[in-house]
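Below are the chains, spelled out letter by letter.
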Amino acid sequence: MTVHDIISALGLEVVAGADGLDKPITGGYASDLLSCVMAKASAGNAWITLQSHVNVVAVASLLNLACVIITEGMRPDDEMVERANENGIPTLLTPHSTYRVVGELVRLGISG
Amino acid sequence: MSQTPAELTRVQELIYELTIAQVMTRSVTTVTPDCTIRDLKELLRTKRISGVPVMQDGVMVGMISIENVIRALEYGELDATVGAKMTREVQSVRADDTVVSAVNLFARLGFGRFPVVDADGNLVGILTQGDIVRGLLRQMEVQWHAEEIQRYRASHIFEDIESDQTGLILRYFVKPQDFMHGGEASSKLKRALERLGAHPRIVRRVAVATYEAETNVMIHSHGGEIIAEVRPQRMRLTVVDTGPGIENIEKAMQPGYSTAPDWIRELGFGAGMGLNNIKACADEMKLNSEVGVGTRLELTFSLQ
């Protein structure tokens, strides 16, 4: 399963990092606390959060995450979009809640 | 031949970056309008090309291609002149345009080649789909080699330089409250370790610890710096700031304890996990702090 596959399955909007859509997804992690993500998320994970600022990109790129899914209709600022493009971090948006997105990903076979 | 999505994506990027001038063929074979189709046929055959611009007194007046030759053969018009059979309305491309604009034109118009002109309309080259493919392959190879060379150079530093003890010192400055550049020092250090050939698992531990230390300095201090001393077997990371210092280190080490203000917590920081994350990632950790003076964090990592 690649980032591209979950974009079509969940109807996500791609706002940045379009050149990383072929990355395989190894699992998922959901949290809005950056330190929790730093401690627990693994390389290749999809990270589901409602944080939407540049530091999200820093965490995602340090951990080599596959993508960031920003929930609840939050939109990243220009700096985050720019940094995500620079670092090739696919940044995907959805109006739905974190709970619902995680549920859909699990149904697709992506576990924690 | 099947292509992986990664290769496709790289190609897609490159067609936006490369200019037509970078991939076109510069030495252009041309003919004059009074050349016969018979001579043109020989020219195309010996040069193994399928079309040429028609030039008169240094000005491009048309294009003529193998299709015109075939039609002339069909109607027995091999002695006709190029000038009589050429396409007069020439679609050219600009040398400084990106390759993607030419790719779109090839797809839309179905032509085999486009003459390439400069800003003043002078013919400077010719572009076929083959030129584009060759140019892309060349560029991909160049970029791959550049990264390989950088990796090679970096990973051989320790072997190439002789001393009783060789170390590489990397310093990164961290500004207070500079959230726009949060994590940059960690990212740079991570990339450096990757280039030096450190194991991905160790790179991750160093990256996590450095990031937590960097954000601590950014959030809580008046500014500071991160100094990484990389040796072949191990690395030492020293993070120092100029205050205000930690009042109670024991408390600060407790999971979940945080002194970060609400607005910083709203950004997802200040979970009270940072120092614990650092401790979990480093092989050794030493934390000293004096209120009003500053904080000094020393970490060591085995690079084996």
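Criteria and thresholds
- Residues numbered from 1 in each chain as written.
- Chains lettered and ligands numbered in written order.
- Predicted model: local features only at pLDDT ≥ 70, side-chain atom pairs only at ≥ 80, totals over all residues.
- Heavy atoms only, no water.
- Axes fitted to C-alpha atoms, helices over the stretch in contact; angles between N-to-C directions.
- Helix = DSSP H or I, 4+ residues; strand = E, 2+ residues; numbered from the N terminus.
- Parallel < 35°, antiparallel > 145°, perpendicular 65-115°, else oblique.
- Left-handed = near helix turned anticlockwise from the far one by under 90°.
- Contact = heavy atoms within 4.5 Å.
- Nonpolar A, V, L, I, M, F, W, Y, C, P; charged D, E, K, R; others polar.
- Buried area = accessible area lost by both parts, 1.4 Å probe.
- Salt bridge = Lys/Arg side-chain N within 4 Å of Asp/Glu carboxyl O.
- Polar contact = N/O pair within 3.5 Å; in protein donor to acceptor, adjacent residues only side chain to side chain.
- Phe/Tyr/Trp six-rings, centres within 6.5 Å; stacked < 30°, edge-to-face > 60°.
- Buried < 20%, exposed > 50% of the residue type's maximum accessible area, 1.4 Å probe, protein only.

### Some thoughts on the packing of helix 3 (residues 54–62) of chain A against helix 10 (residues 200–220) of chain B
- Put simply, helix 3 of chain A and helix 10 of chain B touch, their axes get as near as 10 Å, and they point 160 degrees apart. Classed by the angle they form, the pair helix 3 of chain A and helix 10 of chain B counts as roughly antiparallel. The chirality of how helix 3 of chain A crosses helix 10 of chain B is right-handed. Where helix 3 of chain A abuts helix 10 of chain B, its residues Asn 55, Ala 58, Val 59 and Leu 62 of chain A lie against Ala 207, Tyr 211 and Met 218 of chain B.
- Of the residues belonging to the contact of helix 3 of chain A with helix 10 of chain B, the class tally is 6 nonpolar, 1 polar and no charged.

### Points about the interface of chain A and chain B
- Every contact between the two is made by 25 residues of chain A and, on the other side, 27 residues of chain B.
- Summed over both partners, the interface of chain A with chain B buries about 2000 Å², with 54% contributed by carbon and sulfur atoms.
- At the junction of chain A with chain B, the criterion picks out 1 salt bridge.
- Arg 83 of chain A is the salt-bridge partner of Glu 184 of chain B, the closest N and O atoms lying 3.8 Å from each other.
- Counting across the interface, chain A meets chain B through 13 residue pairs in polar contact (both at pLDDT 80 or more).
- Counting residues per element, the ones that place at least two in the side of chain A that touches chain B are helix 2 (34–40), helix 3 and helix 4 (78–87) of chain A.
- Looking at the side of chain A that touches chain B residue by residue, the classes come out as 12 nonpolar, 7 polar and 6 charged.

### Things to note about the packing of aromatic side chains
All names here are of chain B.
- Inspection of the entire model under this criterion finds 4 aromatic pairs over all chains.
- Each ring, one from Phe 106 and one from Phe 114, has its centre 4.8 Å from the other, and the planes form 55 degrees; the classification is tilted. You'll find Phe 106 and Phe 114 in the same group, each marked buried.
- Between the aromatic rings of Phe 179 and Trp 263, the centroid separation amounts to 5.5 Å while the plane-to-plane angle is 70 degrees, which identifies the pairing as edge-to-face. With Phe 179 in the loop between strand 6 (168–174) and helix 9 (184–195) and Trp 263 in helix 12 (residues 262–266), this residue pair connects regions lying 84 residues apart in the sequence.
- Of the aromatic side chains, those joined through ring pairs into one cluster are Phe 106, Phe 111 and Phe 114.

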